[in-house]
Amino acid sequence: MQRMGMVIGLEPSKVTEYKELHAAVWPEILELISSCNITNYSIFLKEPENLLFGYWEYVGTDFDADMAKMAASPKNQEWWSVCIPCQKPFETRKEGEWWAMMGEVFHLD
């Protein structure tokens, strides 16, 4: 299992919409996330800075293939079409990232 953290900004005018979307995530998206070997997925919001922090645990063996599967899903592309306009990515993110991935510096079981 691999713990993964990521961060992105949230447009101030879209906070309510983003919260509403994630209060009722589409069942197909929840199923897709699970089928891509992601468990224990949470997104946290820090207001008033409007900073989103995502955490998940990846339990698969081919992360790139699972992320490609997720990206190729028409339903997920539809989900992203409503979520992405709410988000404000960091200029310092790596090429190919939308959410900026974070390195783990501490963990205690």
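Here, the structure is the one placed above.
Not measured: the values here are computed from a predicted model.

Novice: Sorry if this is basic, but what is going on with the packing of helix α2 (residues 27–35) against helix α4 (residues 74–83) here?
Specialist: Geometry of a packed helix pair, given as the angle between the helix axes and the separation of the axes. Relative orientation of the contacting elements α2 and α4 amounts to 115°, with a least axis distance of 10 Å. Relative to α4, the crossing made by α2 is left-handed. Here Glu28, Ile29 and Leu32 of α2 come into contact with α4, specifically with Lys75, Asn76 and Trp79.

Novice: Please explain the side chain of asparagine 50 as it appears in this structure.
Specialist: Looking at the secondary structure, you find asparagine 50 in the loop between β2 (38–46) and β3 (51–58). Judged by its relative accessible area of 9%, asparagine 50 is buried. For asparagine 50, the contacting residues outside a window of four places in its chain are Ile8, Gly9, Leu10, Pro12, Val15 and Leu45.

Novice: What should I look at first to understand helix α1 (residues 15–23) in this one?
Specialist: Each full turn of the α-helix corresponds to 3.6 residues, which orients residues three or four apart in the same direction. Residues Val15, Tyr18 and Leu21 constitute the buried set of α1. For α1, the angular spread of the buried residues around the axis is 130°, confining them to a single face. The exposed residues of α1 that point more than 90 degrees off its buried face are Thr16, Glu20 and Ala23. Those residues of α1 that are buried are in contact with β1 (2–10), β2, β3, α4 and β4 (87–88).

Novice: Can you walk me through the layout of surface pockets in this structure?
Specialist: Over the atoms, a rolled probe matching the size of one water molecule traces out where space is still vacant. In this structure, the largest pocket occupies an estimated 790 Å³ of space. Lining the largest pocket are 27 residues, with Met6, Tyr41, Trp56, Trp80 and Trp99 positioned closest to its centre. Contributing elements (two or more residues each) for the lining of the largest pocket: α1, α2, β2, α3 (63–72) and α4. Its residues assigned to classes, the lining of the largest pocket comprises 20 nonpolar, six polar and one charged.

Novice: Mind showing me how you'd approach the packing of aromatic side chains here?
Specialist: How two aromatic rings sit relative to each other is given by the distance of their centres and the angle of their planes. According to the stated counting rule, one finds five aromatic pairs in the structure shown. Plain terms: the ring middles of tyrosine 58 and phenylalanine 63 are 5.1 Å apart, the flat faces sit at 85° to each other, and that makes the pair edge-to-face. Given a relative accessible area of 3%, tyrosine 58 falls into the buried group. Linked through ring pairs, Tyr41, Trp56, Tyr58 and Phe63 together constitute an aromatic cluster.

Conventions and cut-offs
- Residues numbered from 1 in each chain as written.
- Predicted model: local features only at pLDDT ≥ 70, side-chain atom pairs only at ≥ 80, totals over all residues.
- Heavy atoms only, no water.
- Axes fitted to C-alpha atoms, helices over the stretch in contact; angles between N-to-C directions.
- Helix = DSSP H or I, 4+ residues; strand = E, 2+ residues; numbered from the N terminus.
- Left-handed = near helix turned anticlockwise from the far one by under 90°.
- Contact = heavy atoms within 4.5 Å.
- Buried < 20%, exposed > 50% of the residue type's maximum accessible area, 1.4 Å probe, protein only.
- Arc of directions from axis to C-beta.
- 1 Å grid on protein atoms, 1.4 Å probe; cavity = no way out; pocket = protein on both sides within 12 Å on 5 of 7 lines; lining within 4 Å.
- Points joined across faces, edges and corners; volume = space filled by probe spheres on them.
- Nonpolar A, V, L, I, M, F, W, Y, C, P; charged D, E, K, R; others polar.
- Phe/Tyr/Trp six-rings, centres within 6.5 Å; stacked < 30°, edge-to-face > 60°.

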